[in-house]
Amino acid sequence: MRRIYLCFIAILFLAACGGAESKWASDADVAKARYVNTGPTSITLYTVLSVANGSGQHSGLLIKGSENVMFDPAGTWHHPKLAERNDVHFGMSPIMEDFYIDYHARETYDVVQQTILVSPEVAEIAMRRAMANGAVGKAQCTIATSGVLRDVPGFESMPSTFYPKKLMEAFGKLPGVKTRKFTDTDTNNNHGVLLVQAGDPRLQ
């Protein structure tokens, strides 16, 4: 009963995650958006933390394998240059990664970036797991992210949890993890950020 109660509380309070919305970009759009990774293959966990109390608000997973994709379950960030299939964004170039961070980091939220290098084979497994997951419902971003990770070699120790901070802490204990924290003084009303990003002249 206590576990059921805790899950209910998690659903109520993890409000930073948006609602489930099934999307399926065409093969042509996915191919057009595709960004080929030329650097090391890696998996990055992004965690959005409340500045006020340090609680976790959202989880997302950037996978750099044969291409770069972002698994952003129940997320609200998007960009017209990307192609999305359910909660997987195709075309995650470095500038798109910067956009993702900038959208979430603001006066009320910090963003923690945790990156670990993996083999190309492990990166592909993670990518396939994310693509097979399907659209994620509201407040289930972390349980979906942890579920994807737990089936990937080397990440079996990740907890099955609704809580972003708990997953972040577990991920941080993996060998070789590099961590960065992003802060910003942007206003909490970030709706205009998407419009600015969509029209960024660097993407023309």
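Residues numbered from 1 in each chain as written. Predicted model: local features only at pLDDT ≥ 70, side-chain atom pairs only at ≥ 80, totals over all residues. Heavy atoms only, no water.

Draft legend 1. Up close: the overall build of the protein chain. Of the regular secondary structure elements, the protein chain holds seven helices and seven strands. When its helices and strands are written in sequence order, the protein chain yields α-α-β-β-β-β-β-α-β-α-α-α-β-α. Counting every position in the protein chain, which comprises 204 residues, the buried fraction comes to 51%. Considering only contacts in the protein chain between residues 6 or more positions apart, those separated by 24 or more positions represent 69%. Approximately 10200 Å² of the protein chain is accessible, and the part contributed by carbon and sulfur atoms is 55%. (Helix = DSSP H or I, 4+ residues; strand = E, 2+ residues; numbered from the N terminus. Buried < 20%, exposed > 50% of the residue type's maximum accessible area, 1.4 Å probe, protein only. Contact = heavy atoms within 4.5 Å. Areas by Shrake-Rupley, 256 points an atom, 1.4 Å probe, with all protein chains shown as cover.)

Draft legend 2. Inspection of the sheet that holds strand β2 (residues 56–64) at higher detail. Pairing in this open sheet of seven strands is antiparallel, and the strands run β4-β5-β3-β2-β1-β6-β7 from one edge to the other. The open sheet has two edge strands, β4 (83–85) and β7 (178–182), and neither has a second partner. Looking at each pair of strands side by side, their axes are set apart by 20° on average, direction ignored. Across nine bridges, the pairing between strand β1 (residues 42–50) and strand β6 (residues 109–117) is antiparallel. Counted as the bridge partner of Thr47 is Val112 from β6. Strands β1, β2, β3 (68–71) and β5 (88–90) of the sheet are contacted by helix α4 (residues 120–133), whose axis makes an angle of about 125° with β2. On the sheet, helix α5 (residues 141–150) packs against β1, β2 and β3 and is oriented at approximately 35° with respect to β2. (Pairing = 2+ DSSP bridges. Axes fitted to C-alpha atoms, helices over the stretch in contact; angles between N-to-C directions.)

Draft legend 3. Seen up close, the packing of aromatic side chains. A full pass over the atoms with the stated rule returns three aromatic pairs. Chaining the aromatic ring pairs together yields one cluster made of Tyr46, Trp77 and Tyr100. Cation over ring: Arg106 sits above Tyr103, and NZ or CZ is 6.0 Å from the ring centre. (Phe/Tyr/Trp six-rings, centres within 6.5 Å; stacked < 30°, edge-to-face > 60°. Lys NZ or Arg CZ within 6 Å of the ring centre and 35° of its normal.)

Draft legend 4. Representation of the nonpolar core. By size, the foremost hydrophobic cluster in this structure holds 32 residues, and its most contacted members are Ile43, Phe155 and Phe171. Put simply, the parts of the chain that give this core at least two residues each are α2 (27–33), β1, β2, β3, β5, α4, α5 and α6 (164–171). It is α4 that provides the largest number of residues to this core, a total of five residues. Ile43 has contacts with Leu61, Leu62, Gln114, Thr115, Ile116, Val118, Val122, Ala126, Leu149, Val152, Phe155 and Phe171, leaving out every residue within four places of it along the chain. With 20 residues, the next largest nonpolar core counts Met70, Ile101, Val193 and Leu194 among its residues. (Core = buried A, V, L, I, M, F, W, Y, C linked by side-chain atoms within 4.5 Å.)

Draft legend 5. Seen up close, the side chain of Gln113. Examined against the element boundaries, Gln113 turns out to sit in strand β6. At 2.8 Å, the side chain of Gln113 forms a polar contact with the side chain of Tyr46. Apart from the residues lying within four places of it in its own chain, the contact partners of Gln113 are Thr44, Leu45, Tyr46, Glu97, Ile101, Lys178, Thr179, Arg180 and Phe182. (Polar contact = N/O pair within 3.5 Å; in protein donor to acceptor, adjacent residues only side chain to side chain.)

Draft legend 6. Highlighting the pairing of β3. Residues Asn68 and Met70 line one face of β3 and the alternating positions Val69 and Phe71 line the opposite face, and both faces are buried. Two strands pair when backbone bridges link them, and β2 and β3 are joined in this way by four bridges, in the antiparallel orientation. Across the sheet, Leu61 pairs through a bridge with Phe71, a residue of β3. Between β2 and β3, which pair antiparallel in sequence order, lie three residues. In terms of strand pairing, β3 meets β5 through three bridges, oriented antiparallel. Looking at β5, one finds that Met70 is bridged to His89.

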